[in-house]
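Here is how the chains run, residue by residue.
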Amino acid sequence: MRFVFTKTARYPGLEVEHNQFRRSLRTLFVNLKYRGLNRTILGLLAIACAKARLPILQDYRFYKQNLRESGLDTEGIVELDDLDIPEEMRSSASRYEAASDYEFRDVLEKLHIDCSAYNFVDYGSGKGAILAAAARYPFQSVTGVELSGEMHQTALRNIEEMKQQDKVRAGSLISIHGDAASYTLPPVPHVIYVFNAFGPEVLQGVLDRISADLVDVREPIYFLYNNPMHHKLLEESAEFDKLSNAFGGKWMVFARPGKR
Ligand SMILES: C[S@@+](CC[C@H](N)C(=O)[O-])C[C@H]1O[C@@H](n2cnc3c(N)ncnc32)[C@H](O)[C@@H]1O
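Counting restarts for each chain: residues are numbered from 1 in the order of the written sequence. For a predicted model such as this one, the threshold for reporting local features is a pLDDT of at least 70, and the threshold for listing and counting side-chain atom pairs is 80 or more; totals across whole chains, interfaces and linings nevertheless cover every residue. With hydrogens and water set aside, each side-chain value is computed from the structure's full complement of heavy atoms.

(A) Seen up close, the overall build of the protein chain. Strands here are runs of E lasting at least two residues and helices are runs of H or I lasting at least four, both read from the DSSP assignment and numbered beginning at the N terminus. Assigned secondary structure in the protein chain consists of eight helices and eleven strands. For a compact globule the rule gives 2.2 Å times the number of residues to the power 0.38, and the radius of gyration it is set against comes from C-alpha atoms. Relative to the globule expectation of 18 Å for 260 residues, the C-alpha radius of gyration of the protein chain, 18 Å, shows essentially globular dimensions. Considering only C-alpha atoms, the protein chain reaches an extent of 55 × 45 × 40 Å along its principal axes. The buried share among the 260 residues of the protein chain stands at 47%. We call a residue buried when its accessible area falls under 20% of the maximum for its residue type, exposed when it is over 50%, and partly exposed in between, using a 1.4 Å probe and counting protein chains only.

In structure tokens form, the structure reads like this:
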């Protein structure tokens, strides 16, 4: 069956081969895998109670479980109008919302790579939800580039919290305040991540920088694209191949093959 992707009805332009039943099963599986049985059941009960307008179990909603357990402030949606980003960048930027760290972990683990040989970069890293998730893996470094000063400041606080809780396995964990397309990558292997942060012009700028900065890197480069609104740019790029659609196409995974 062919559906228009309607998880949040916010990305109507993204068409994904999608089966509602399979999607629910996948979500259930990922929650069981990373959250465990008890917390998954509590989360489902909390959703059912919220739907039935019963004011009980609401502290066990999935997003509140995350906040309670991690102590990190990553949740919520910040609309574009409320983001402190330069006027001239507004038309290309997207609002802030955190991705599912469980989906991220599932996609990353399916690469079967040795993270310790890679740097990780999140372009449009917001409050740092995925920086926090990536920092639990032994990447050489985990870097976020975020255009909004306020989101960046929250990410810095979350990074401090991660360090205090001794949860950082990556060699370094930083958030940089700036435009994604202006960030210069060090010439080492990378796993790149983008969650629908910006429009095609900025994405093309990012791809051009990856090409130029990583020209001498011989190992494969991975590009994890969550809500891949502008996937055509990667599909049409001479450098990247599409490896897979994850979560019914809600994610797309691309790779630049290693060079001999
Ligand atoms: C949908 S959020 C993604 C947050 C995070 N990456 C995650 O997956 O949880 C997109 C973020 O991209 C930021 N952004 C938009 N345009 C940007 C740009 N040109 N450079 C850097 N960040 C940008 C927004 O401020 C917003 O915080």
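(B) Expanded view of the pairing of strand 11 (residues 251-256). Taken across its six residues, strand 11 has six buried, putting it largely inside the fold. Alternating positions in strand 11 separate into two faces, Trp251, Val253 and Ala255 on one and Met252, Phe254 and Arg256 on the other, with burial throughout. Pairing analysis gives six bridges linking strand 9 (residues 221-226) to strand 11, with the strands arranged antiparallel. Across the sheet, Asn226 pairs through a bridge with Trp251, a residue of strand 11. When strand 10 (residues 241-246) meets strand 11, the two strands line up antiparallel, connected through five bridges. Across the sheet, the residue bridging to Lys242 is Phe254, located in strand 11. Following DSSP output, two strands are said to pair if at least two bridges run between them. Linking two consecutive strands that pair antiparallel, namely strand 10 and strand 11, is a turn of four residues; a positive phi of about 50° is found at Phe247 within it.

(C) Just the pairing of strand 9, in detail. The buried count for strand 9 comes to six of six residues, which makes it a mostly enclosed element. The side-chain alternation of strand 9 yields two buried faces, one formed by Ile221, Phe223 and Tyr225 and the other by Tyr222, Leu224 and Asn226. Summarising the sheet, strand 8 (residues 190-195) and strand 9 pair through five bridges and their orientation is parallel. Within strand 9, the position partnered with Val194 by the bridge is Tyr225. Assignment of crossover handedness uses the view with strands pointing away from the viewer, where a clockwise path from the first strand over the helix to the second indicates a right-handed crossover. Following the backbone out of strand 8, through helix 7 (residues 200-213) and into the adjacent parallel strand 9, one traces a crossover that is right-handed.

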